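Okay, here's what each chain looks like letter by letter:
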Amino acid sequence: MDPQHRLFLECAWEALENAGHSTESTESVIGVYAGIGVSTYLLYNLQPNRELMASMSSLQVMMGVDKDYVPTRVSYKLNLKGPSVSVQTACSSSLVAVHLACQSLLSGECDMALAAGVSVKVPQTELTLAPGEIISPDGHCRAFDAGANGTVGGNGIGVVVLKRLEEAIADRDTIYAVIKGSAINNDGNMKVGYTAPSEEGQARVIHTAQLVADVTPDTITYMEAHGTGTTLGDPIEIAAMTRAFRASTDKTRFCAVGSVKTNVGHLDAAAGITGLIKTVLALHHQQIPPSLHFETANPEIDFEHSPFYVNQKLAPWQRNGTPRRAGVSSFGFGGTNAHVILEEAPQIDPTSHSKPLHLLVLSAKTEGSLEQAIANLADHLKQYPHLNIADVAYTLQVGRKAFNYRYAAVVKDLSQAISILESVSSPTHLSQPPEFDPSVVFLFPGQGAQYVNMARELYDQEPLFRETCDRGFHLLQPHLDIDLRELLFPAPGAHISAPELNQTAYAQPALFVIEYALAHLWISWGVRPSALIGHSIGEYVAATLAGVFSLEDALKLVATRGRLMQQCQPGSMLAVHQSVADLQTHLNPEICIAASNSPRLSVVSGSKEAIAQLERQFVAHQIRCQPLQTSHAFHSDTMDAVLPAFTEAVQAVMLNPPVIPFMSNLTGTWITAEQATSPQYWAQHLRQRVRFSEGITELLTDPTRVFLEVGPGRTLSTFVRQHDPERISICSLRHPQENQSDVAFLLNTVGQIWRLGVPINWTGFYAQEQRDRLPLPTYAFERQRYWIEPPDSNSDALIHPLSLQKALHKKSDIADWFYVPSWKRTLLPPASPELLAHQSQIWLIFEDELGLGMCIAQRLAQQGQDVIRVTAADAFQRVGDRHYTLDPAIQEHYATLMTEMMAEIEASAIDAPDFAPQHCPLLSVTQRDRQKLTKPWVFIACSICPKRSDCTIGSMPRSM
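Residues numbered from 1 in each chain as written. Predicted model: local features only at pLDDT ≥ 70, side-chain atom pairs only at ≥ 80, totals over all residues. Heavy atoms only, no water.

Asks: Which residues make up the sheet that holds strand β18 (residues 591-598), and what values go with them?
Replies: On the basis of which strands lie adjacent, the open sheet formed by four strands has the order β18-β19-β17-β20 and antiparallel pairing. Where the open sheet ends on each side, the last strands, each with one partner, are β18 and β20 (625-627). Geometrically, the sheet is characterised by an average inter-axis angle of 25 degrees between neighbouring strands, direction not taken into account. Each of β18 and β19 (601-606) is contacted by helix α29 (residues 715-723), which is oriented at about 75 degrees to β18, the strand it contacts most. (Pairing = 2+ DSSP bridges. Helix = DSSP H or I, 4+ residues; strand = E, 2+ residues; numbered from the N terminus. Axes fitted to C-alpha atoms, helices over the stretch in contact; angles between N-to-C directions. Contact = heavy atoms within 4.5 Å.)

Here is the structure:
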C-alpha cells in the first residue's frame, strides 16, 4: 500500500477523534474530499520489482497505490457514508477539496466532512523533492523577496473536519475558525502558457469568494498567499490580490501577507490545506505568524501602494472593528484557482454545572496501545492544567470508538486524574477482551436490603432518578399514611431509626421505588436488560419493567401487599447455610422454607419462638445461620389469612403478558403469559417459597449473561457467585456498611459494565448537562513496518528487507506457485455423533473473538473429545492446560505452537488414534495438508465468521 493511503487513513481517524466525534456513536453522514499526489512509491519502489509486480494482479496494485482509491478507502474503513471524492487539480487540489466539502455541507449531502490533502514522496531525495524547473538552488523559499529564486519540495498531510456552524455550536465542538465563503475557477487560455499563473483568474476567484462570504476587503487583515517564491509567480499573485481588494478599498498596507511554503516547502496536493490550517491556527491563537526568509521586497511588487505588507515576525492579531478575518489562496498547474475566506470562531456560552465525580474511559485494540493511551492522556492533562475534567470525561466517552482492551477510572478533578492515570503501571489494571457480546440480567433485591438514605446522593444529583422516585412517592401517598421521603431521606438533624423503615408496610414500597427508579436510570444510560429476576418483592419491579403492571397499579398492589402482610401474625426469618434438602430434617409444622437462595444457602420462616429455638440448634451443631431484618414470617403459612384479600386486589388491576422475559419465584423458571396475568399466581407468590436459586441456575445456562444488581447492597450478587464463582455479578448501590459515595460507587459500576463490553448511551448519561468536546490525545497507533524497498542496483535481489526476500523465494513445486495464505473453507456438514462417540480425537481450535470457537470447543469437550484452544494475542504463551495464545501475523508462533502442543500431548500419554479426515464432521483435509502436519491425528478447526449464515470451518493455513 502506498504510504499516502496508510497515512491518510491514520490522519483521518485522528482528525475525527481530535474533533471529539466517533463514527461508532454519531448518526451524522460524513463525507470525504481529498487531493492526493502521484504515487512515487509505485514508480520507484514497486514497479522496478518485476517478480513482485508479476505476483499481483493489476487491480490489486491499482487499489493499493492509485489516488482514486484514497478517499473511498477511508470511507470504507471508517464506515463513512457521505460523498467520497478524489480531487485532482494539481497544487490547488486540497483547497478545492475544502470548497467542494463546504458545498456538500450546504446542500445537505453530508452533515460532516473531511477535507484533506496528501502528498508523500518516496524516496525523499532530490529526485522527487526538487523539480528542476522551479526549485530553489539554495534550498530556501523566499516568498515575495528580491532574492526569490524558486520553491522547495516537501511532504505532508493535512485533514480538517468541517460542519455546518449552527450544528457545531449545538454539539459544543471546539471551533477553530469559520469558513465564511469560498470560490474556485480556472484561468482558461488567456495566459503565457499552460503552467503559467494568470492575474485575471486569481483576482476573479478572490473577489468571488469575498462576495460569497459577504465581506468587504477592508475587513480582511491577513492573506495566506500561494507564495511559491518564484520570480514570475509572486508579482502576479500580489497584483491579483491588489486588483481584487481595489474593487472596494483604497487603503494601503493594512493586510499582512505570508506563505507557509517558507516554513515547510511546497507540498503539492497538500499545499492548500497546509496554508488553511496555518491560518486557522493563527485565528485561534490571535497571532499572525511570520513569513520566513524575507529581507527586501521583490522590486516587481509595489507593496507601498498595495493593501499588503509581508509580515516578518510574530505579531498580535488586532481587530479593526470587525471580527478577525483572513483569506487563503491556492493555485494549481493548469489554472484551477481556489480561495477561502475565514473568520475567527464565535464565542460559546460556558458549559453547565457538572457533577462532582467523573468517569474517564479509554480503549484500544491492543494492551500496549492502551497503556500508551493512558500515558498520553496523563501527559496531556499535565500540559493543559486549565482543562475542565468534566469535558475531558465527556469527550473520551462520546468521541472515541470503544475497542476490546479497556480502562476506566472515577476521578473528582484534574490532579486526581493525573495521579490515577500515572499509577497504571501493570496490565492487571486493564480489562481483557471479552470472549462474547454480554447480555445483562437485572437482579432486584427483596425486603431486608433497605436502609435509611439508600441512594440519597443519586436522589440529590441525578435528575432522572429523582423525578422517577418523586413520581413513585406521589403515587404511593394515597395508599400510605406517610411520605416515604421522610423515612428514606430524613432532613439533617431528623432522627429516623432503621426499625421504622423495616416495617413491611414501608419497606416494600420504598424498595420498589428505589429499584424501579434505578432500573430506569440504567436503561436511560443504554444498559437494557435481556432478562430480569427479582427476589420476592423484587419480582414486582421486574414485572413492572416487563409491562405486566402499570406503575400506578404496581405501586397500589405493593402498598396493599405490604399493609396486608404487616397485619399478619409477627414472625421471624433465619438464613441458614444449608441446602433445601439438608434443611428438611430440621423442620417442624411451625417452620417453612421461605427461600432457596443458592445451593448452600436457604431461608426458613416461622413464629419467633420456633425460629429462635431452631437458631439455637444450628449454633449448637456449628451450622452457620443469621436472623434477617424482618418483622414477619414471609412466605409461610402465617400469610394464608391475607391471600383472599390480596387476590381480590390483584383482580382489580390490568395484567399484561410480559414483553421482557423474567424468572418466576414461584416456579424457578421463565414465567409464562398465563402465570403473569393470573391473580392466583401473585397471591401464591406471596405465600410460597422463593425459588431464587432455581431461577439463577436457569439463567447461568447462557454463558454470555452478566448480572447487575439493581437495588441496595450486594445480597443477590453474592447468591450468583455462590452458584458460579467465575460468573460476573456487579452491584449498583453500596452496602450500608460501606462508607463511600453513592455516586462514586455507581460510576465505578458503569465503568465495570463498559469494560465488560456493554455499550453505554453516553448521550443519555449527559442528558441533563451541556459539555464541550475537547481536542485530546488521539489513538496511540502501534506502527509496524510493511515497507518494500526499491531493488538494489548492484545485485539481483528484488526486495528488502530479508524477511520479504524469503517470502518471495522461488518455489520448486508448481502446486505452490499460486498459493495465497488463507484458510481453506468448507461448508459445515451435519454433525456425526457416532464418529465422536466411537473414539476420542484431539482437536485444535483457533478461536474467534465472537464466541463461535468457544462454543465448538465446549460442544466437543461435552462429547468426550480432547480440545486444545488457541486465542489471538500479542505474544505466544501457554496460558493454561490445553490453552495457548499467539499473534496470528507471526508465522513462527504457529511452529512454536505445534512443537509445544505435541510435547504436551505426548507428555499426557494419550493414545493417538488413526487420522481419518474422510469421517471428520467439521472439515476436510487434503493429502498435502496431511504431509505438512507433524502429527497427522490432530484435527484443526478455525471459526471464521460467526455472524454469517454461510459460516465455514476449515483446515489450518498451508503456511503452517
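Asks: A description of the pattern of salt bridges should follow, citing residues and the corresponding values.
Replies: Two side chains carrying opposite charge are able to pair once their charged atoms lie near each other. As enumerated under the stated definition, the model contains 38 salt bridges in all. With its nearest N and O atoms 3.9 Å apart, the salt bridge here joins Asp-724 to Arg-727. Given a relative accessible area of 22%, Asp-724 falls into the partly exposed group. Relative accessible area serves as the criterion here: at 11%, Arg-727 is assigned to the buried category. (Salt bridge = Lys/Arg side-chain N within 4 Å of Asp/Glu carboxyl O. Buried < 20%, exposed > 50% of the residue type's maximum accessible area, 1.4 Å probe, protein only.)

Asks: Lay out the environment of Asn-502 with the relevant residues and their values.
Replies: Along the chain, the position of Asn-502 falls in helix α19 (residues 498-502). Spatially, the C-alpha atoms of Asn-502 and Gly-448 are 7.4 Å apart, while their sequence positions differ by 54 residues. Polar side-chain contacts of Asn-502 include one of 2.8 Å to the side chain of Gln-450. (Polar contact = N/O pair within 3.5 Å; in protein donor to acceptor, adjacent residues only side chain to side chain.)

Asks: Help me get a handle on the sheet that holds strand β11 (residues 325-331), residues and values and all.
Replies: Read from one edge to the other, the open sheet built from six strands follows the order β5-β12-β11-β6-β7-β9, with strand pairing classed as mixed. Two strands bound the open sheet, and with one partner strand each, they are β5 (177-186) and β9 (308-310). The average undirected angle you get between the axes of adjacent strands in this sheet is 25 degrees. As paired elements, β11 and strand β12 (residues 336-344) share seven bridges and run antiparallel to each other. Of the residues in β12, the one forming a bridge with Val-328 is Val-340.

Asks: Kindly report on the pairing of strand β7 (residues 255-258), identifying the contributing residues and their values.
Replies: Both faces of β7 are covered, namely the face carrying Cys-255 and Val-257 and the face carrying Ala-256 and Gly-258. After leaving strand β6 (residues 222-224), the chain enters helix α10 (residues 233-245) and then returns to the sheet as β7, a path that is right-handed. (Right-handed = clockwise from strand over helix to strand, strands pointing away.)

Asks: Quick rundown of the pairing of strand β13 (residues 358-364)? Include the residues and the values.
Replies: Of all the seven residues making up β13, seven are buried; the element is thus mostly covered by neighbouring parts of the structure. By the alternation rule, side chains of β13 split into His-358, Leu-360, Leu-362 and Ala-364 and Leu-359, Val-361 and Ser-363, which are all buried. As judged from the seven bridges shared by β13 and strand β14 (residues 405-411), these two strands associate in the antiparallel manner. Bridged to Val-361 within β14 is Ala-408.

Asks: Describe helix α24 (residues 608-620), naming the residues involved and giving the relevant values.
Replies: The end-to-end C-alpha distance of α24 is 18 Å, a good match for the 18 Å that 13 residues give at a rise of 1.5 Å each. Along α24, the residues that are buried comprise Ala-610, Ile-611, Leu-614 and Phe-618. With its buried residues spanning 95 degrees around the axis, α24 presents them on a single face. Within α24, the exposed residues directed more than 90 degrees away from the buried face are Glu-609, Arg-616, Val-619 and Ala-620. Of the residues one or two after α24, Gln-622 is the one with positive phi, at around 55 degrees. (Expected span 1.5 Å × (residues − 1). Arc of directions from axis to C-beta.)

Asks: Give me the lowdown on the packing of aromatic side chains, citing residues and values where you can.
Replies: This structure, assessed with the given rule, holds 23 aromatic pairs. Ring geometry for Tyr-681 against Trp-682: centres 5.0 Å apart, planes inclined by 90 degrees, an arrangement best described as edge-to-face. Per residue, the accessibility class of Tyr-681 equals that of Trp-682, and both read buried. The lysine or arginine in question, Lys-251, covers the ring of Phe-254, its NZ or CZ lying 5.0 Å from the ring centre. Between Lys-355 and the ring centre of Tyr-766, over which it is positioned, the NZ or CZ distance is 6.0 Å. (Phe/Tyr/Trp six-rings, centres within 6.5 Å; stacked < 30°, edge-to-face > 60°. Lys NZ or Arg CZ within 6 Å of the ring centre and 35° of its normal.)

Asks: Account for a nonpolar patch on the surface, naming residues and giving values.
Replies: There is a patch of nonpolar side chains on the surface, built from Leu-59, Met-62 and Met-63 and spanning about 250 Å² of accessible area. Within the secondary structure layout, Met-63 lies in helix α4 (residues 58-65). Judged by relative accessible area, Met-63 falls into the partly exposed class, the value being 36%. (Patch = residues over 30% accessible without salt bridge, like charges linked within 9 Å, V, L, I, M, F, W, Y side chains within 5 Å. Areas by Shrake-Rupley, 256 points an atom, 1.4 Å probe, with all protein chains shown as cover.)

Shape is all these values report; function is a separate question.
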